[in-house]
Amino acid sequence: MKRVLVHSLSALLALSALGTAAAQELVIYSGRSKSLVEPIIQQFERETGINVRVKYGKTAELAVLLLEEGIRSPADLFWAQDAGALGAVAKADLFVKLPESVVARVPEQFRNENGLWVAITGRARTLAYSPERVKPEELPKSIFDLTDPKWAGRVGWAPTNASFQAFVTAMRVLYGEETTKQWLLDMKANGTKAYPKNTPIIEAIAAGEIDLGLPNHYYLLRFKKADSKFPVAQTFFQPGDAGNLVNVAGVGILKSAKHPKEALAFVKYLLSEKGQQYFVSDVFEYPVTDEVIPNPNLPVAFEELLELTPQIDLDDLDDLKGTLELLREVGLL
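As the structure is a computational prediction, the values presented were derived from the model and not from experiment.

Draft legend 1. Summary view of the packing of aromatic side chains. A complete count under the given rule lists 14 aromatic pairs for this structure. Seen in terms of ring centroids, F110 and F302 are 6.1 Å apart; in terms of plane orientation they differ by 40°. Their pairing is tilted. Residue F110 is located in the loop between α5 (100–103) and β4 (118–124), and its partner F302 is located in helix α12 (residues 302–308); the two are separated by 192 residues in the primary sequence. Summarising the burial analysis for this pair, F110 and F302 share the class buried. Centroid distance F167 to W183: 5.8 Å. Interplanar angle 80°. Geometry classified as edge-to-face. One end of the pair, F167, is in helix α6 (residues 162–175); the other, W183, is in helix α7 (residues 177–189), with 16 residues separating them in the sequence. With respect to class, F167 is no different from W183; both count as buried. Taken together, the ring pairs connect F44, W79, F266, Y269, Y278 and F279 into an aromatic cluster.

In structure tokens:
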């Protein structure tokens, strides 16, 4: 039997139109946590009548699952927490090309160059610090300044956290293996304290355990929402520094999708003014379109963020395996 391969979203949509039995369903593999995305998914269901089934899990594990399932996957859409996982699935040729009208809505650096996935939100790495113990003029300008002896025992990081690991992958891409390895070793030798994830880093700064930390930007904003006087601040390194990496949460529609029309409707909804405003106002992440009311609590405006983040192809962050091997080699895992 001649094997037919489907290579475009328009072809998938045409096939979908031939059958209506499952036309109002959508199956999502979500690396985003249920608490963050369930409200917007339920809102999409109410407004469209499309029933959404979601398989939640860690982004890396779901990407591996998709690679194992291939065209047999029941998923229509992959919603990843980082670009590396999207890049891995894209390189496996499992995503269909998205319409140009959708791709063009997202800044070039936050989408796949071939239109196979697009970002939904931006998640920036920042430098969190104690404004009570660190003066603004003392703040390090570069991630490499953190190895200075004056910061010995005063910095916190989270080597087991996926966002930190994506940042290390970016360092490998930007500066090479040896430079990244030496930075990790120097940080370790400087007494950098390890925490399981970002929230404890913020809490440790507030408690006086450390003075600086390397989290994503929105964790502090959640503390500030509950207590505007929470004793931690955050800033960025100099423009282009790897410490300012803006990773993305993004989506791609699978070639094997049984419900491509519904999947595309969901992508458009997430990029709509309503969808983007939800992530800006309720989740404190950065929008990838300019059709939202800015959140004044974000560290900088989106346009300024684009100037701060290093220039890197986010598809190149797919080598998580290499990063994990490096972290084990230097004794951080």
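Draft legend 2. Representation of the side chain of S256. Examined against the element boundaries, S256 turns out to sit in the loop between β10 (246–253) and α10 (260–271). Those residues in contact with S256 that lie beyond four places of it in its chain are G70, I71, S73 and A75.

Draft legend 3. Looking closely at the sheet that holds strand β8 (residues 212–213). Spatially, the five strands line up as an open sheet ordered β7-β6-β8-β5-β9, and their pairing is mixed. A single partner strand is all that each edge strand has here, and the edge strands are β7 (193–194) and β9 (233–235). Note that strand β5 (residues 127–129) and β9 share three bridges and pair antiparallel. Paired with A128 across the bridge in β9 is Q234.

Draft legend 4. Summary view of the domain arrangement of the chain. When cut into domains, the chain gives domain 1 (25–123 + 247–299) and domain 2 (127–244 + 319–330). With centres defined by C-alpha atoms, the gap from domain 1 to domain 2 works out at 27 Å. At the interface, twelve residues of domain 1 touch eleven residues of domain 2. Together domain 1 and domain 2 conceal approximately 1000 Å² of surface at their shared face, both sides included; 64% is due to carbon and sulfur atoms. Looking at the side of domain 1 facing domain 2, the largest losses of area belong to R123, F284 and P299, adding up to 55% of the total buried there. For the pair domain 1 and domain 2, the interface holds zero salt bridges. Where domain 1 packs against domain 2, one counts three residue pairs in polar contact (both at pLDDT 80 or more).

Draft legend 5. Region of interest: the sheet that holds strand β2 (residues 51–56). The six strands are arranged β2-β1-β3-β10-β4-β11 in an open sheet whose pairing can be described as mixed. In this open sheet, the two edge strands, each paired with only one partner strand, are β2 and β11 (286–287). Note: strand β1 (residues 25–30) against β2, six bridges, orientation parallel. Looking across to β2, one finds that I28 is bridged to V54. Along the sheet, helix α2 (residues 34–48) contacts β1, β2 and β3 (77–80); its crossing angle with β2, the most-contacted strand, is approximately 165°. Running over the sheet, helix α11 (residues 273–281) touches β3, β4 and β11 and is turned about 15° from β4.

Reading the values: rules and limits
- Residues numbered from 1 in each chain as written.
- Predicted model: local features only at pLDDT ≥ 70, side-chain atom pairs only at ≥ 80, totals over all residues.
- Heavy atoms only, no water.
- Phe/Tyr/Trp six-rings, centres within 6.5 Å; stacked < 30°, edge-to-face > 60°.
- Helix = DSSP H or I, 4+ residues; strand = E, 2+ residues; numbered from the N terminus.
- Buried < 20%, exposed > 50% of the residue type's maximum accessible area, 1.4 Å probe, protein only.
- Contact = heavy atoms within 4.5 Å.
- Pairing = 2+ DSSP bridges.
- Domains from an automatic or database assignment.
- Buried area = accessible area lost by both parts, 1.4 Å probe.
- Salt bridge = Lys/Arg side-chain N within 4 Å of Asp/Glu carboxyl O.
- Polar contact = N/O pair within 3.5 Å; in protein donor to acceptor, adjacent residues only side chain to side chain.
- Axes fitted to C-alpha atoms, helices over the stretch in contact; angles between N-to-C directions.

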